[in-house]
Amino acid sequence: MKRLILILFVVSIVNSFAQTKLDYGIQFYHGTWKEACDKAKAENKLIFVDFYTQWCGPCLNMAENVFILPFIGDFYNTNFVNMKIDAENGEGVELAKRYGVNSYPTYVFVDPKNGDVVHRSKSRQEAEQFLATGKSALVPELRSGYLIEEFAKGRDDREFLKNYIHYNASIYERENVQKAFDMLIKKEAKLTDSDVWDIFKANIRGTDNPYFQELVKNYDVFVKALGKEVVDNKLYMETRNISLEELNRLPEFKGKSLNKYLVQINALVRDKKYDETDALIRATMADTSINQQDFIEQLRFIVRGSYWSPETPVEWLGRCVSYLQYIAYNSDDRQDPYIHQEYAALLERLIRLTPGAEKVFPKSIMEKPEFGAKEYSMRPKNLAQKPMRKKK
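Residues numbered from 1 in each chain as written. Predicted model: local features only at pLDDT ≥ 70, side-chain atom pairs only at ≥ 80, totals over all residues. Heavy atoms only, no water.

K.L.:
When you look at the sheet that holds strand β2 (residues 80–86) in this model, what are you seeing that I'm missing?
P.N.:
In any sheet, the strands associate via hydrogen bonds between backbone groups, in a parallel or an antiparallel arrangement. Spatially, four strands are ordered β2-β1-β3-β4 in an open sheet, and the strand pairing comes out mixed. Looking at which strands have only one partner, the edges of the open sheet turn out to be β2 and β4 (116–122). Averaged over all neighbouring strand pairs, the angle between strand axes comes to 20 degrees, with direction disregarded. (Pairing = 2+ DSSP bridges. Helix = DSSP H or I, 4+ residues; strand = E, 2+ residues; numbered from the N terminus. Axes fitted to C-alpha atoms, helices over the stretch in contact; angles between N-to-C directions.)

Below you can see the structure in the form of structure tokens.
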């Protein structure tokens, strides 16, 4: 009897845990659009719609990494009737057209009483940003329509401009961000103000703007106001793609040495000076004074940008394999499978391009697999191939 009671207790715990897991994340309603509107009206809620397509990588990323989070589910389930709508199938085609959806993912918050959009956003977002997106839909002064209309009227008070900038930054409308930031500075905001600096640091890119020049000219003032680490990090992030001459004229900030290496390496790769490139890359690998993990991350982009072209010489491919080997062996990020997939994929390609390799390596390496997938890729099986655009 006691044994039976124990078994039943364990089963109830397992079922409870399984149910709890099922309840994690956003719970999407699966009825028709009309049924969703009726449900939202009855519950006095807005409708949140995630417009997606079956081939959209960022859409799948949001579904697998953000929508499933408990704190995201708690907020969205409490405040909205949630729907996932495939913009290319069923009634999603007409709804996407009605709501002007032309990129994916697009997030639309609809008033079910009249069918009007009260707030919209888009693109892949980090969890905290996606939470902020939902919260903004509940505050009339933070909704996209309100912000756009007020900005068009010329509103330029500090708090409004900050809200307008944050919204446009979340949807990657960089021109709007730049225009509003210019207005913010004209309203006597200073770059050394912590709230203004945070916007500048996150959203104003490049070195050819007056704000970056002000930072360089008054480096010591900014360091005193904000701290050397904060200021140096901004300089470090913005100076990876400038000329060596420009870089040498800048103050001595942390990371400058690494950026000097990167600027020279990129220039040599562009000029296809592979012997000089290899020598400099290996010198950088051996330099223990720089942040090797940062170098590894940047080296991945350098290598990735050149080795997949059919015109890439086999000699350079061989060197790229050695760089990817270094990255795979030395990266601290052991959770990133792309590091190892890139190394293995390029190594496999190099073997196939090597004359006489078929005499040394087994047939399984020289040819595509006999069964199953023919492409060695990190593409998830449930992500369709993006359709090719039809030529007009």
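K.L.:
Even after reading the chapter, I still don't get unusual backbone geometry, so can you show me in this structure?
P.N.:
Peptide bonds are trans in most cases, and residues, glycine excluded, mostly fall at negative phi. In this structure, Pro105 follows Tyr104 across a cis peptide bond, with omega equal to -5 degrees. Summarising the element assignment, Pro105 is placed in the loop between α5 (92–98) and β3 (106–111). Residue Asn44 is not a glycine yet carries a positive backbone phi of 55 degrees. Position of Asn44 among the secondary structure elements: in the loop between α2 (33–43) and β1 (46–52). Positive phi, close to 75 degrees, is recorded for Ser123, a residue that is not glycine. Structurally, the position occupied by Ser123 is in the loop between β4 and α6 (127–137). What makes Ser123 buried here is its relative accessible area of 18%. (Buried < 20%, exposed > 50% of the residue type's maximum accessible area, 1.4 Å probe, protein only.)

K.L.:
Would you take a moment to explain the layout of surface pockets for this structure?
P.N.:
Which parts of space are left empty comes out when a probe the size of a water molecule is rolled across the atoms. By volume, the largest pocket amounts to about 340 Å³. Elements that contribute at least two residues to the lining of the largest pocket include exactly α13 (228–238) and α15 (256–270). Per-element accounting of the lining of the largest pocket gives the leading share, five residues, to α13. (1 Å grid on protein atoms, 1.4 Å probe; cavity = no way out; pocket = protein on both sides within 12 Å on 5 of 7 lines; lining within 4 Å. Points joined across faces, edges and corners; volume = space filled by probe spheres on them.)

K.L.:
Looking at this model, I keep getting lost on the nonpolar core. Mind explaining?
P.N.:
Inside soluble globular proteins, nonpolar side chains tend to come together where they are buried. Ranked by internal contacts, the top residues of the largest apolar core, which has 63 residues, are Phe181, Leu184, Phe200, Leu235, Phe295 and Leu299. If we ignore the near neighbours within four places in the chain, the residues touching Leu235 are Phe212, Leu215, Val216, Tyr219, Phe253 and Asn259. Ranked by size, the runner-up nonpolar core spans 18 residues in total, among them Phe28, Phe48, Ala127 and Leu131. (Core = buried A, V, L, I, M, F, W, Y, C linked by side-chain atoms within 4.5 Å. Contact = heavy atoms within 4.5 Å.)

K.L.:
Quick question: what am I supposed to make of the packing of helix α4 (residues 70–79) against α6 here?
P.N.:
When two helices pack together, their arrangement is given by the angle between their axes and by how far apart the axes lie. Between α4 and α6, the least distance of the axes is 10 Å, while the angle of their chain directions is 10 degrees. In terms of orientation, α4 lies roughly parallel with respect to α6. Contacts between α4 and α6 involve Phe71, Ile72, Phe75 and Tyr76 from the former and Ala127, Glu128, Phe130, Leu131, Thr133, Gly134 and Lys135 from the latter. For the contact of α4 with α6, the per-class residue count stands at seven nonpolar, two polar and two charged. (Parallel < 35°, antiparallel > 145°, perpendicular 65-115°, else oblique. Nonpolar A, V, L, I, M, F, W, Y, C, P; charged D, E, K, R; others polar.)

K.L.:
Explain the pairing of β4 to me, please; I cannot follow it from the model alone.
P.N.:
Two elements, β3 and β4, share six bridges in a ladder whose sense is antiparallel. Its bridge partner lying in β4, Asp111 is registered against Asp116. Between β3 and β4, which follow one another and run antiparallel, lie four residues, and Gly115 among them has a positive phi close to 80 degrees.

K.L.:
What am I meant to see in the environment of Tyr236 here?
P.N.:
With respect to the element layout, Tyr236 can be found in helix α13. Judged by relative accessible area, which is 6%, Tyr236 ranks as buried. Expressed as a C-alpha distance, the spacing of Tyr236 and Lys256, which sit 20 residues apart in the sequence, is 6.5 Å. Those residues in contact with Tyr236, other than ones at most four positions away along the chain, are Phe253, Lys254, Gly255, Leu258, Asn259 and Asp294.

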